[in-house]
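Breakdown of the fold
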Amino acid sequence: AATHPLWPQIEKLTMEQLGYAQQGVEGGVWQLFAEEGEMKMYRRELEEDGLVVDPLKAVHQVRGATAHEMVHHFWSPDVRFEWDTSIEQMTVLDRISSDTIIFLQLHKRVWPTAQRDALFWSHVRKIPSSHPANGEAYDTWIVCNQSTDHPDDPKDEKCVRVDLTVCFVCQTFIDPPIQEGKEITRDNLLTKITYCSVVNPGGWAPASVLRAVYKREYPKFLKRFTQYVVEKCESQPIAF
Ligand SMILES: O=S(=O)(CCO)c1ccc(-c2ccc(C3CCCC3)c([C@H]3C[C@H]3c3ccccn3)c2)cc1
């Protein structure tokens, strides 16, 4: 895949998004708009050509699954319909490598706006932890989703194409720190999650409607996804 024409963009954007996700939410730039337990959702109010493109940043922490398990289920086309209730159809247009897929997704219509679809590459990667694994902090994993073009794009004019950049960054900590010779159980896995998204709706959608949908859909989306992975993995051997 390192020879694929998209590779330089995939490499650059993935590392940029990693940096962006790891920036804190201090400084008054981010507005907390939803909070449920450990999950905090922030947004910045931003409009482009009169369209709401509010960047979103969610931070969450979950016990019972690893960063690798979270990120794998977020990326995998095989399980997408099991957790993502926002999509009606999903096609894999291309598998440009074992860790990069090109998706075409038809999203459920959000009344009164026209139906949306999204065509994006999705890249999953492990970021080895800089300091040697001190038995507490494990590797960081990231999925980056970025809108792109593709020759097999059906260009269905009934649909409005959204432009999206999404990253899903996870890191697992063993809590409490492992004692020598003791086995790690799923209850010791504390995974910190940062989810960032910028979705340009691509065509007319009233700001009030979009902001209401974001406020309702994003917290539901992230909560449902993380619970799905914890339940799916609870009886499986731990995959670090
Ligand atoms: O994290 S992913 O990459 C997972 C792969 O599916 C992702 C998540 C969400 C979207 C998406 C696409 C369209 C819309 C809008 C824009 C105008 C009308 C539909 C929204 C807004 C409405 C928000 C929303 C957030 C979460 C779930 C559903 N709805 C979100 C795309 C990709």
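For every chain, the first residue of its written sequence is number 1, and the numbers climb from 1 along that sequence. With the structure being a predicted model, the display of local features is reserved for residues of pLDDT at least 70 and the display and counting of side-chain atom pairs for 80 or more, all residues being used for whole-chain, interface and lining totals. Only hydrogens and water are set aside when side-chain values are computed; all heavy atoms of the structure are taken into account.

1. A short note on the pattern of salt bridges
For the record, the criterion: By definition, a salt bridge exists where a carboxyl oxygen of Asp or Glu is found within 4 Å of a side-chain nitrogen of Lys or Arg. The cut-offs for exposure are 20% and 50% of the maximum accessible area for each residue type, with area from a 1.4 Å probe on protein chains only; residues under the lower value are buried, those over the upper are exposed, and the others partly exposed.
Within this structure, the stated rule accounts for 17 salt bridges. Where Glu45 meets Arg43, a salt bridge forms, and the shortest distance between an N and an O atom there is 3.3 Å. The class for Glu45 is partly exposed, based on a relative accessible area of 48%. A relative accessible area of 16% means that Arg43 is categorised as buried. We note a salt bridge from Asp153 to Arg161, for which the minimum N-O separation is 2.9 Å. The exposure class of Asp153 is buried, given its relative accessible area of 12%. Each of Arg43, Glu45, Glu47, Asp54 and Arg211 takes part in one network of salt bridges that share partners.

2. Brief notes about the site of the ligand
Worth spelling out the cut-off: One heavy atom within 4 Å of a molecule or strand is enough for the residue carrying it to be called near that molecule or strand. The definition of a polar contact used here is a pair of N or O atoms within 3.5 Å, where within protein one atom must be able to donate a hydrogen and the other to accept one, and adjacent residues in sequence count solely through side-chain atom pairs. Points on a 1 Å grid, built from protein atoms alone, make a cavity when a 1.4 Å probe fits but cannot get out and make a pocket when they are open with protein on both sides within 12 Å along at least 5 of 7 lines; residues with an atom within 4 Å of a point are the lining residues. Pocket occupancy is defined atom-wise: a molecule lies in a cavity or pocket when more than half of its atoms are within 2 Å of its grid points. The secondary structure listing takes helices from DSSP runs of H or I that are at least 4 residues long and strands from runs of E that are at least 2 residues long, numbered from the N terminus. Charged residues are taken to be Asp, Glu, Lys and Arg, nonpolar residues to be Ala, Val, Leu, Ile, Met, Phe, Trp, Tyr, Cys and Pro, and polar residues to be all remaining types, Gly included.
In the vicinity of the ligand there are 20 residues, among which Asp84, Ser86, Gln105, Asn145 and Tyr195 approach most closely. A distance of 2.9 Å is found between an oxygen atom of the ligand and a side-chain nitrogen or oxygen belonging to Asn145. When each cavity is represented as a set of grid points, the ligand is found to reside in the largest pocket. Every element with two or more residues in the shell around the ligand is listed here: helix H3 (80–83), strand E7 (100–107), strand E11 (163–174) and helix H4 (207–233). Considering each element in turn, the shell around the ligand owes the most residues, six residues, to H4. Looking at the shell around the ligand residue by residue, the classes come out as twelve nonpolar, four polar and four charged.

3. Focus: the pairing of strand E8 (residues 116–127)
Quick reminder of the rule: Pairing between strands is defined by DSSP: at least two bridges between the two strands are required.
Burial analysis of E8 places eleven of its twelve residues in the buried class, which makes it a mostly covered element. Judged from the seven bridges that link them, E7 and E8 form a sheet pairing that is antiparallel. In the sheet register, Gln105 faces E8, and the bridge partner there is Ala118. Inspection of the sheet shows E8 paired to strand E10 (residues 160–161) by two bridges, in the parallel sense. Residue pairing across strands places Asp117 opposite Arg161, the latter belonging to E10.

4. Considering the nonpolar core
Short version of the rule: Working definition of a nonpolar core: buried Ala, Val, Leu, Ile, Met, Phe, Trp, Tyr and Cys residues. They are joined through side-chain atoms within 4.5 Å. We call two residues in contact whenever any of their non-hydrogen atoms come within 4.5 Å of each other.
Met41, Met70, Phe74, Phe168, Tyr195 and Tyr218 are the most contacted members of the largest nonpolar core, which totals 44 residues. The element contributing the most residues to this core is H4, with ten residues. If near-sequence neighbours (up to four positions away) are discounted, Met70 is found in contact with Val62, Ala65, Phe168, Cys170, Thr191, Ile193, Phe225, Thr226, Val229 and Val230.

5. Observations concerning unusual backbone geometry
At the junction of Trp111 and Pro112, the peptide bond is cis and its omega measures out at 0° in the coordinates. Here Pro112 shows up in the loop between E7 and E8. Residues Asp175 and Pro176 are joined by a peptide bond in cis, for which omega reads 0°. Structurally, Pro176 is set in the loop between E11 and strand E12 (189–200). Located in the positive-phi region is Asp49, a residue other than glycine, with phi close to 50°. Take Asp49: it is sitting in the loop between strand E3 (47–48) and strand E4 (51–52).

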